[in-house]
Amino acid sequence: MTFTQLRILQAVARTGNMTRAAEELSTTQSAVSHALRALESELGIALLVRGNHGVSLTAAGRAVCRRATLILTQVEALEQEVAAAQEHERGSLRVGVIPSANVRLLPPILRRFGESYPQVRLTVMEGSDDEVREWLETGAADIATVSAGVARAQATPAALPAGLMARPLATDRMLAVLPSGHELGVRDSIPVAELSRHPFIMSTGGCEPLITTLARAAGASLKCHYRVRDTSSILAMVAEGLGVSIVPELALPAHRPGVHAIPLDPAAERTILLALPASPLPTATAFAELALTLTPQPSCAEGMGPGREFAGPVQDSVV
């Protein structure tokens with residue numbers, strides 16, 4: 001059994017496709033297939049179910065993949081600790097991000113980190129809140145942005161997996177988005193109950209629980225005519241007059257022709273947290289320090305539980 005085989009299993013599990021896994025690892029599909037068959041032969045058990053539309057893990061494969069993730073995380077930590085002792089800045093960093101944070105919040109941080117640590121191999125993985133939390137919990141991501149829930153709407157913030165630390169990175173207003181010229185567009189703010197009188201385009205990319213909470217707090221029942229994952233698709237449909245929606249402000253592009261964004265009444269915002277394990281990789285700690293330095297900090301941490309804040313400022317000597 002080799003680390004290469006474990007990395008290949010991890011990549012195939014994440015992508016569900018041998019070709020994409022091979023591209024991610026800069027190798028060939030035949031090499032990926034050969035490595036996995038050799039691993040299955042050595043373990044004496046099937047790890048994958050191969051089908052016409054990709055591959056999926058068997059129950060045994062999921063167990064092996066979880067263990068492989070732990071092993072590879074420890075190997076990476078060992079390599080980086082050795083590099084730190086030798087005063088080298090190298091290694092890799094896997095950053096999990098929710099879509100709204102990846103539109104405007106993260107790109108400047110990623111650019112500055114790349115400039116400061118050019119020898120670090122940086123990988124960004126975008127997913128829903130649930131997906132990002134799972135990546136953190138299993139070690140597939142070394143650091144991530146997650147949502148702490150909606151403030152001022154009686155929301156119950158989603159709990160972080162045990163053993164993670166978090167600090168507020170930014171606050172993000174939830175805004176109503178309407179077609180230009182819509183009858184509600186003259187308002188300075190809009191109650192959710194007013195939006196419920198119009199066809200609604202529901203986001204399934206991670207914000208649905210937040211929107212549902214806001215509607216429930218307003219005693220409103222949204223008329224969900226469409227369910228769409230991508231924010232750009234939601235805005236395109238709104239611009240065509242197909243309905244209205246609610247999106248995080250950070251997810252909105254600077255230019256959005258045909259779409260008018262208005263604050264909700266009462267105002268609602270969520271806190272974007274930066275989360276990482278209790279024993280983070282040196283590169284993750286360096287990334288956290290840079291992110292918190294570059295981003296204006298929220299005045300409070302909505303929904304932060306005891307023991308989930310960073311124990312203190314990130315030290316300069318970690319990498």
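Here, every reference points to the structure presented above.
Residues numbered from 1 in each chain as written. Predicted model: local features only at pLDDT ≥ 70, side-chain atom pairs only at ≥ 80, totals over all residues. Heavy atoms only, no water.

(A) Broad picture of the overall build of the protein. A count of helices and strands for the protein gives 11 helices and 11 strands. When the accessible surface of the protein is summed, it comes to about 15,500 Å², and 51% of that surface belongs to carbon and sulfur atoms. (Helix = DSSP H or I, 4+ residues; strand = E, 2+ residues; numbered from the N terminus. Areas by Shrake-Rupley, 256 points an atom, 1.4 Å probe, with all protein chains shown as cover.)

(B) A look at the packing of aromatic side chains. Applying the stated criterion to the full structure yields 2 aromatic pairs. Centroid distance Phe-113 to Tyr-117: 4.8 Å. Interplanar angle 35°. Geometry classified as tilted. Assigned by exposure class, Phe-113 and Tyr-117 land together as buried. Taken together, Phe-113, Tyr-117 and Phe-287 form an aromatic cluster joined through their ring pairs. (Phe/Tyr/Trp six-rings, centres within 6.5 Å; stacked < 30°, edge-to-face > 60°. Buried < 20%, exposed > 50% of the residue type's maximum accessible area, 1.4 Å probe, protein only.)

(C) Inspection of the pattern of salt bridges at higher detail. According to the stated counting rule, one finds 11 salt bridges in the structure shown. Salt-bridge contacts for Glu-249 lead to Arg-173; the nearest nitrogen and oxygen are separated by 3.0 Å. Residue Glu-249 is found in the loop between strand 9 (245-248) and strand 10 (259-263), and its partner Arg-173 is found in strand 6 (residues 164-179); the two are separated by 76 residues along the sequence. Using a relative accessible area of 27% as the deciding quantity, one classes Glu-249 as partly exposed. On the basis of relative accessibility, which here comes to 36%, the residue Arg-173 falls in the partly exposed class. Here the salt bridges do not stand alone but share partners, grouping Arg-187, Glu-194 and Arg-197 into one network. (Salt bridge = Lys/Arg side-chain N within 4 Å of Asp/Glu carboxyl O.)

(D) Region of interest: the packing of helix 6 (residues 106-116) against helix 11 (residues 282-294). Between helix 6 and helix 11, whose axes approach to 10 Å, the crossing angle comes to 125°. In terms of orientation, helix 6 and helix 11 fall into the oblique class. Taken as a pair, helix 6 and helix 11 cross one another with a handedness that is right-handed. Note on element contacts: helix 11 touches helix 6 through Thr-283, Ala-286, Phe-287, Leu-290, Ala-291 and Leu-294, opposite Leu-106, Pro-108, Ile-109, Leu-110, Arg-112 and Phe-113. A breakdown of the residues in the contact of helix 6 with helix 11 according to their chemical character gives 10 nonpolar, 1 polar and 1 charged. (Axes fitted to C-alpha atoms, helices over the stretch in contact; angles between N-to-C directions. Parallel < 35°, antiparallel > 145°, perpendicular 65-115°, else oblique. Left-handed = near helix turned anticlockwise from the far one by under 90°. Contact = heavy atoms within 4.5 Å. Nonpolar A, V, L, I, M, F, W, Y, C, P; charged D, E, K, R; others polar.)

(E) Main features of unusual backbone geometry. Of note, the amide linkage connecting Asp-265 to Pro-266 takes the cis form, showing an omega dihedral of 0°. Mapping Pro-266 onto the fold places it in the loop between strand 10 and strand 11 (269-277). Residues other than glycine seldom take positive phi values, yet Ser-26 does so here, at roughly 55°. Looking at the element boundaries, Ser-26 is found in the loop between helix 2 (18-24) and helix 3 (29-43). Judged by relative accessible area, which is 70%, Ser-26 ranks as exposed.

(F) Structural view of the layout of surface pockets. Here the second largest pocket defines a volume of roughly 410 Å³. Considering the residues around the second largest pocket, the lining is formed by 13 residues, among which Ala-13, Leu-57, Cys-65, Glu-134 and Thr-138 are closest to the centre. Those elements that place two or more of their residues in the lining of the second largest pocket are helix 1 (3-15), helix 4 (59-85) and helix 7 (129-138). Of the residues contributing to the lining of the second largest pocket, the split by class is 5 nonpolar, 3 polar and 5 charged. (1 Å grid on protein atoms, 1.4 Å probe; cavity = no way out; pocket = protein on both sides within 12 Å on 5 of 7 lines; lining within 4 Å. Points joined across faces, edges and corners; volume = space filled by probe spheres on them.)

(G) Expanded view of the nonpolar core. Ranked by size, the top nonpolar core spans 42 residues in total, and within it Leu-93, Leu-105, Leu-106, Phe-113, Ile-143, Leu-274 and Phe-287 carry the most contacts. Broken down by secondary-structure element, the contributors of at least two residues to this core are strand 3 (91-97), helix 6, strand 4 (120-126), helix 7, strand 5 (143-151), strand 6, strand 11 and helix 11. Counting residues in each nonpolar core, the second largest holds 20 residues, with Met-174, Leu-214, Leu-222 and Ala-268 among its members. (Core = buried A, V, L, I, M, F, W, Y, C linked by side-chain atoms within 4.5 Å.)

(H) Structural view of empty space enclosed by the protein. On inspection of all chains with the given rule, the structure shows 1 cavity of 30 Å³ or more. Considered as a void within the structure, the largest cavity measures approximately 140 Å³ in volume. In terms of lining, the largest cavity is formed by 15 residues, of which the most central are Pro-99, Ser-100, Gly-205, Gly-206 and Cys-207. Mapped onto the lining of the largest cavity, the elements with two or more residues apiece are helix 5 (99-103), helix 10 (231-239) and strand 9.

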